[in-house]
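Examination of the molecular architecture
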Amino acid sequence: MGDHLQAPAELSFRRYGEDAPPHAHGFDQIVLPRRGVLEMEIDGKGGRVDPGRAAVVPPGTRHAFAACGENLFVVADIGGALMKPFEALRDRPFAPVTGAVRGLLEYLAGEAPGAIDTGVATLWTPLVLRGLSAAPINVDPRLARAAAMIEARFDQPLTVRDLAAEAGMSQSRFFARFSEVYGTTPHGALSDARLRAAQRLLSDTSLSIAEIAVRTGHGDQSGLTKRMKAVLGVTPGAWRKRR
(Lines give C-alpha, C1' and ligand atoms only; values in the text may rest on other atoms or scores of the structure.)
Protein backbone atom coordinates (compact mmCIF):
# COMPACT_ATOMS: atom_id res chain seq x y z
CA MET A 1 0.00 0.00 0.00
CA GLY A 2 1.46 3.35 -0.99
CA ASP A 3 1.95 6.52 0.97
CA HIS A 4 -1.10 8.27 -0.48
CA LEU A 5 -4.14 6.92 1.33
CA GLN A 6 -7.47 7.11 -0.44
CA ALA A 7 -9.29 7.52 2.91
CA PRO A 8 -8.33 8.80 6.39
CA ALA A 9 -7.87 5.17 7.41
CA GLU A 10 -7.36 1.95 5.48
CA LEU A 11 -7.88 -1.29 7.37
CA SER A 12 -6.86 -4.82 6.41
CA PHE A 13 -6.03 -8.30 7.63
CA ARG A 14 -2.43 -9.24 6.82
CA ARG A 15 -0.16 -12.26 7.17
CA TYR A 16 3.61 -11.90 7.49
CA GLY A 17 6.62 -14.05 6.68
CA GLU A 18 10.21 -13.99 7.83
CA ASP A 19 12.53 -10.99 7.73
CA ALA A 20 10.95 -8.06 5.92
CA PRO A 21 13.67 -5.48 5.11
CA PRO A 22 13.64 -2.19 7.07
CA HIS A 23 11.44 0.47 5.51
CA ALA A 24 9.38 3.55 6.35
CA HIS A 25 6.17 5.12 5.04
CA GLY A 26 4.49 8.50 5.14
CA PHE A 27 1.55 7.62 7.38
CA ASP A 28 0.90 6.26 10.85
CA GLN A 29 0.42 2.51 11.05
CA ILE A 30 -1.11 0.46 13.85
CA VAL A 31 -0.53 -3.31 13.88
CA LEU A 32 -2.87 -5.32 16.12
CA PRO A 33 -2.93 -9.03 16.99
CA ARG A 34 -5.39 -11.57 15.70
CA ARG A 35 -3.28 -14.72 15.93
CA GLY A 36 0.42 -15.48 16.10
CA VAL A 37 3.36 -13.28 17.08
CA LEU A 38 5.08 -10.58 15.01
CA GLU A 39 8.59 -9.59 16.09
CA MET A 40 9.21 -5.92 15.29
CA GLU A 41 11.91 -3.28 15.53
CA ILE A 42 10.62 0.30 15.42
CA ASP A 43 13.18 3.11 15.35
CA GLY A 44 15.71 0.79 16.95
CA LYS A 45 13.37 -0.43 19.71
CA GLY A 46 12.59 -4.13 19.72
CA GLY A 47 9.27 -5.63 20.73
CA ARG A 48 6.46 -7.82 19.52
CA VAL A 49 2.82 -7.78 18.53
CA ASP A 50 1.17 -10.62 20.43
CA PRO A 51 -2.18 -11.22 22.17
CA GLY A 52 -1.39 -8.50 24.68
CA ARG A 53 0.36 -5.85 22.59
CA ALA A 54 -0.09 -3.72 19.49
CA ALA A 55 2.56 -1.76 17.59
CA VAL A 56 2.45 1.92 16.64
CA VAL A 57 4.67 3.00 13.72
CA PRO A 58 4.84 6.81 13.22
CA PRO A 59 5.35 8.38 9.77
CA GLY A 60 8.93 8.24 8.50
CA THR A 61 10.02 5.75 11.16
CA ARG A 62 12.16 2.87 9.93
CA HIS A 63 10.86 -0.49 11.05
CA ALA A 64 11.32 -4.17 10.27
CA PHE A 65 9.35 -7.26 11.23
CA ALA A 66 9.27 -11.04 11.01
CA ALA A 67 6.78 -13.77 11.87
CA CYS A 68 7.00 -17.55 11.87
CA GLY A 69 4.18 -19.99 11.32
CA GLU A 70 0.48 -19.27 10.97
CA ASN A 71 -0.35 -15.65 11.78
CA LEU A 72 -2.87 -12.92 11.11
CA PHE A 73 -2.84 -9.24 12.10
CA VAL A 74 -5.14 -6.27 11.74
CA VAL A 75 -3.31 -3.30 10.20
CA ALA A 76 -4.63 0.25 10.19
CA ASP A 77 -2.88 2.74 7.88
CA ILE A 78 -3.84 6.20 9.09
CA GLY A 79 -3.55 9.44 7.13
CA GLY A 80 -4.77 13.01 7.42
CA ALA A 81 -5.72 14.48 10.77
CA LEU A 82 -7.22 11.31 12.26
CA MET A 83 -4.15 10.67 14.41
CA LYS A 84 -3.91 14.22 15.77
CA PRO A 85 -5.88 13.68 19.02
CA PHE A 86 -3.83 10.56 19.69
CA GLU A 87 -0.31 11.74 18.85
CA ALA A 88 0.94 10.66 22.28
CA LEU A 89 0.75 7.08 20.98
CA ARG A 90 3.75 7.84 18.78
CA ASP A 91 5.91 7.94 21.90
CA ARG A 92 5.07 4.34 22.86
CA PRO A 93 5.79 1.95 19.98
CA PHE A 94 4.21 -1.02 21.77
CA ALA A 95 0.85 -0.41 23.44
CA PRO A 96 -1.12 -2.89 25.57
CA VAL A 97 -4.25 -4.50 24.13
CA THR A 98 -6.88 -4.33 26.87
CA GLY A 99 -10.56 -5.15 27.05
CA ALA A 100 -11.91 -2.29 24.92
CA VAL A 101 -9.43 -2.91 22.11
CA ARG A 102 -9.96 -6.67 22.28
CA GLY A 103 -13.69 -6.12 21.85
CA LEU A 104 -13.06 -4.02 18.74
CA LEU A 105 -10.86 -6.76 17.31
CA GLU A 106 -13.63 -9.29 17.93
CA TYR A 107 -16.01 -7.02 16.03
CA LEU A 108 -13.94 -7.69 12.91
CA ALA A 109 -14.26 -11.47 13.27
CA GLY A 110 -16.84 -11.70 10.48
CA GLU A 111 -14.94 -9.54 8.00
CA ALA A 112 -13.45 -11.20 4.93
CA PRO A 113 -9.65 -11.60 4.63
CA GLY A 114 -7.76 -8.78 2.96
CA ALA A 115 -8.95 -5.18 2.80
CA ILE A 116 -11.82 -4.19 5.07
CA ASP A 117 -14.68 -1.96 3.91
CA THR A 118 -13.86 1.76 4.01
CA GLY A 119 -16.98 2.54 6.01
CA VAL A 120 -15.99 0.04 8.69
CA ALA A 121 -12.44 1.43 8.77
CA THR A 122 -13.69 5.02 9.13
CA LEU A 123 -15.81 4.16 12.16
CA TRP A 124 -13.55 1.52 13.73
CA THR A 125 -10.13 3.17 13.63
CA PRO A 126 -10.86 6.21 15.88
CA LEU A 127 -12.32 3.85 18.47
CA VAL A 128 -9.26 1.61 18.52
CA LEU A 129 -6.99 4.68 18.75
CA ARG A 130 -8.98 5.88 21.73
CA GLY A 131 -8.76 2.43 23.33
CA LEU A 132 -5.00 2.23 22.86
CA SER A 133 -4.57 5.77 24.22
CA ALA A 134 -6.45 4.87 27.39
CA ALA A 135 -4.41 1.72 28.02
CA PRO A 136 -1.69 1.58 30.68
CA ILE A 137 1.79 2.18 29.33
CA ASN A 138 3.17 -1.26 30.15
CA VAL A 139 1.82 -4.78 30.45
CA ASP A 140 3.45 -6.97 33.08
CA PRO A 141 5.67 -9.37 31.08
CA ARG A 142 4.53 -12.19 33.38
CA LEU A 143 0.97 -11.69 32.15
CA ALA A 144 2.21 -11.50 28.57
CA ARG A 145 3.87 -14.91 29.00
CA ALA A 146 0.57 -16.39 30.15
CA ALA A 147 -1.29 -14.78 27.23
CA ALA A 148 1.26 -16.24 24.81
CA MET A 149 0.82 -19.66 26.43
CA ILE A 150 -2.91 -19.45 25.76
CA GLU A 151 -2.28 -18.67 22.08
CA ALA A 152 0.21 -21.54 21.73
CA ARG A 153 -1.64 -24.23 23.71
CA PHE A 154 -5.34 -23.37 23.34
CA ASP A 155 -6.08 -26.97 22.28
CA GLN A 156 -4.98 -28.27 25.68
CA PRO A 157 -6.96 -28.25 28.95
CA LEU A 158 -5.16 -25.25 30.45
CA THR A 159 -6.19 -24.21 33.94
CA VAL A 160 -5.70 -21.03 35.94
CA ARG A 161 -3.14 -23.00 37.92
CA ASP A 162 -1.14 -23.74 34.73
CA LEU A 163 -1.27 -20.13 33.58
CA ALA A 164 -0.43 -18.71 37.00
CA ALA A 165 2.60 -21.02 37.15
CA GLU A 166 3.73 -19.75 33.73
CA ALA A 167 3.41 -16.19 35.05
CA GLY A 168 5.13 -17.04 38.34
CA MET A 169 2.22 -15.63 40.36
CA SER A 170 -0.29 -16.97 42.86
CA GLN A 171 -3.56 -18.09 41.29
CA SER A 172 -5.65 -15.41 42.96
CA ARG A 173 -3.20 -12.62 42.12
CA PHE A 174 -2.84 -13.85 38.53
CA PHE A 175 -6.60 -14.10 37.98
CA ALA A 176 -7.18 -10.58 39.29
CA ARG A 177 -4.34 -8.96 37.36
CA PHE A 178 -5.04 -10.81 34.11
CA SER A 179 -8.71 -9.85 34.20
CA GLU A 180 -7.85 -6.22 34.97
CA VAL A 181 -5.31 -5.84 32.18
CA TYR A 182 -6.93 -7.88 29.41
CA GLY A 183 -10.55 -7.08 30.17
CA THR A 184 -11.48 -10.77 30.28
CA THR A 185 -10.81 -13.73 32.54
CA PRO A 186 -8.11 -16.29 31.70
CA HIS A 187 -10.89 -18.71 30.76
CA GLY A 188 -12.45 -16.03 28.54
CA ALA A 189 -9.13 -15.50 26.74
CA LEU A 190 -8.74 -19.27 26.28
CA SER A 191 -12.28 -19.58 24.89
CA ASP A 192 -11.56 -16.72 22.48
CA ALA A 193 -8.35 -18.35 21.23
CA ARG A 194 -10.18 -21.64 20.68
CA LEU A 195 -13.00 -19.97 18.79
CA ARG A 196 -10.60 -18.05 16.53
CA ALA A 197 -8.76 -21.29 15.74
CA ALA A 198 -12.06 -23.01 14.88
CA GLN A 199 -13.07 -20.13 12.60
CA ARG A 200 -9.73 -20.39 10.81
CA LEU A 201 -9.99 -24.15 10.27
CA LEU A 202 -13.58 -23.91 9.11
CA SER A 203 -12.59 -21.30 6.56
CA ASP A 204 -9.26 -22.70 5.38
CA THR A 205 -9.55 -26.51 5.58
CA SER A 206 -11.90 -29.34 4.65
CA LEU A 207 -11.62 -31.02 8.05
CA SER A 208 -14.89 -32.27 9.48
CA ILE A 209 -16.57 -30.09 12.09
CA ALA A 210 -16.15 -32.86 14.66
CA GLU A 211 -12.38 -32.98 13.99
CA ILE A 212 -12.10 -29.20 14.20
CA ALA A 213 -13.91 -29.24 17.53
CA VAL A 214 -11.39 -31.73 18.93
CA ARG A 215 -8.38 -29.91 17.50
CA THR A 216 -9.45 -26.58 18.98
CA GLY A 217 -10.18 -27.76 22.50
CA HIS A 218 -13.98 -27.67 22.26
CA GLY A 219 -14.31 -31.33 23.13
CA ASP A 220 -16.92 -32.30 20.58
CA GLN A 221 -19.05 -30.89 17.79
CA SER A 222 -21.91 -29.92 20.09
CA GLY A 223 -19.53 -27.91 22.27
CA LEU A 224 -18.20 -26.00 19.28
CA THR A 225 -21.71 -25.44 17.91
CA LYS A 226 -22.94 -24.08 21.23
CA ARG A 227 -19.98 -21.70 21.52
CA MET A 228 -20.27 -20.37 17.96
CA LYS A 229 -24.01 -19.81 18.24
CA ALA A 230 -23.55 -17.97 21.54
CA VAL A 231 -20.78 -15.68 20.28
CA LEU A 232 -21.30 -15.38 16.53
CA GLY A 233 -24.94 -16.31 16.15
CA VAL A 234 -24.21 -19.03 13.57
CA THR A 235 -23.50 -22.75 13.54
CA PRO A 236 -20.12 -24.07 12.33
CA GLY A 237 -21.79 -25.37 9.16
CA ALA A 238 -23.36 -21.99 8.42
CA TRP A 239 -20.04 -20.23 9.07
CA ARG A 240 -18.23 -22.53 6.66
CA LYS A 241 -20.87 -22.09 3.97
CA ARG A 242 -20.80 -18.31 4.31
CA ARG A 243 -17.01 -18.18 4.07
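The preceding data block contains the structure.
Think of each chain on its own: its residues are numbered from 1, step by step along the sequence as written. In keeping with the model being predicted, local features are shown solely for residues with a pLDDT of at least 70 and side-chain atom pairs are shown and tallied solely at 80 or more, while totals for entire chains, interfaces and linings include all residues. The side-chain quantities take in all heavy atoms of the structure and omit both hydrogens and water.

Describing the sheet that holds strand β5 (residues 45-49)
The strand order across the open sheet built from four strands is β2-β7-β4-β5, with neighbouring strands paired in antiparallel fashion. Each of the sheet's edge strands pairs with one partner strand only, and the pair in question is β2 (20-23) and β5. Averaged over all adjacent pairs, the angle separating strand axes in this sheet is 20°, with direction ignored. Strand pairing follows a simple DSSP-based rule, namely that at least 2 bridges must link the two strands. A run of DSSP states H or I qualifies as a helix once it reaches four residues; a run of E qualifies as a strand once it reaches two. Both are numbered from the N-terminal end. Here five bridges tie strand β4 (residues 38-42) to β5, and the two strands are oriented antiparallel to one another. Paired with E41 across the strands is G46, a residue of β5. Helix axes are fitted to C-alpha atoms over the stretch in contact, other axes to C-alpha atoms as well, and angles between N-to-C directions run from 0 to 180 degrees.

Overview of the nonpolar core
Working definition of a nonpolar core: buried Ala, Val, Leu, Ile, Met, Phe, Trp, Tyr and Cys residues. They are joined through side-chain atoms within 4.5 Å. Exposure categories follow from relative accessible area, calculated using a 1.4 Å probe and restricted to protein chains: below 20% of the type maximum is buried, above 50% is exposed, and the middle band is partly exposed. L11, I30, L32, V74, L108, W124 and L132 are the most contacted members of the largest nonpolar core, which totals 26 residues. Considering each element in turn, this core owes the most residues, six residues, to helix α2 (residues 118-134). Only heavy atoms matter for contacts: two residues are in contact if any of them lie within 4.5 Å across the pair. With residues near it in sequence (within four places) discarded, L32 still touches V49, A54, F73, V74, V101, L105, W124, V128 and L132. Counting residues in hydrophobic clusters, the runner-up holds 20 residues, among them L143, I150, V181 and A197.

Topic: the pairing of strand β1 (residues 9-14)
β1 sits mainly inside the fold: five of its six residues count as buried. In the sheet, β1 pairs with strand β8 (residues 72-78) via six bridges, with the strands oriented antiparallel. Bridge pairing in β8 links L11 to A76.

Remarks on helix α4 (residues 160-167)
For α4, the full list of buried residues reads L163, A164 and A167. Axial view of α4: buried residues confined to an arc of 100°, hence all on one face. Turned more than 90 degrees away from the buried face of α4, the exposed residues are R161 and A165. Its buried side turned inward, α4 meets α3 (141-152), α5 (171-182) and α6 (186-204). G168 occupies a position one or two residues after α4 and carries a positive phi of about 70°. Our arc is simply the arc of the directions from the helix axis toward the C-beta atoms.

As for the environment of L202
Mapping L202 onto the fold places it in helix α6. Look past the residues within four positions of L202 in its chain and what remains in contact with it is I209, I212, M228, P236, W239 and R240.

Quick word on the packing of α4 against α5
Packing of α4 against α5 brings their axes to within 9 Å, and their N-to-C directions diverge by 85°. Judged on the interaxial angle alone, α5 and α4 are roughly perpendicular. Here V160, R161, L163, A164 and A167 of α4 lie close against α5, whose contacting residues are Q171, F174 and F175. By the convention adopted, Pro, Cys, Tyr, Trp, Phe, Met, Ile, Leu, Val and Ala count as nonpolar, Lys, Arg, Asp and Glu as charged, and the other residues, Gly among them, as polar. Partitioning the contact of α4 with α5 into residue classes produces six nonpolar, one polar and one charged. Roughly parallel means an angle under 35 degrees; roughly antiparallel, over 145; roughly perpendicular, 65 to 115; everything else is oblique.

Digging into helix α1 (residues 99-107)
Along α1, the residues classified as buried are V101, R102, L104 and L105. Buried residues in α1, looked at end-on, bunch into an arc of 160°, giving them a common side. Seen from the buried face of α1, the exposed residues on the opposite side, beyond 90 degrees, are A100 and Y107. Buried residues in α1 make contact with β3 (28-35), β8, α2, α5 and α6.

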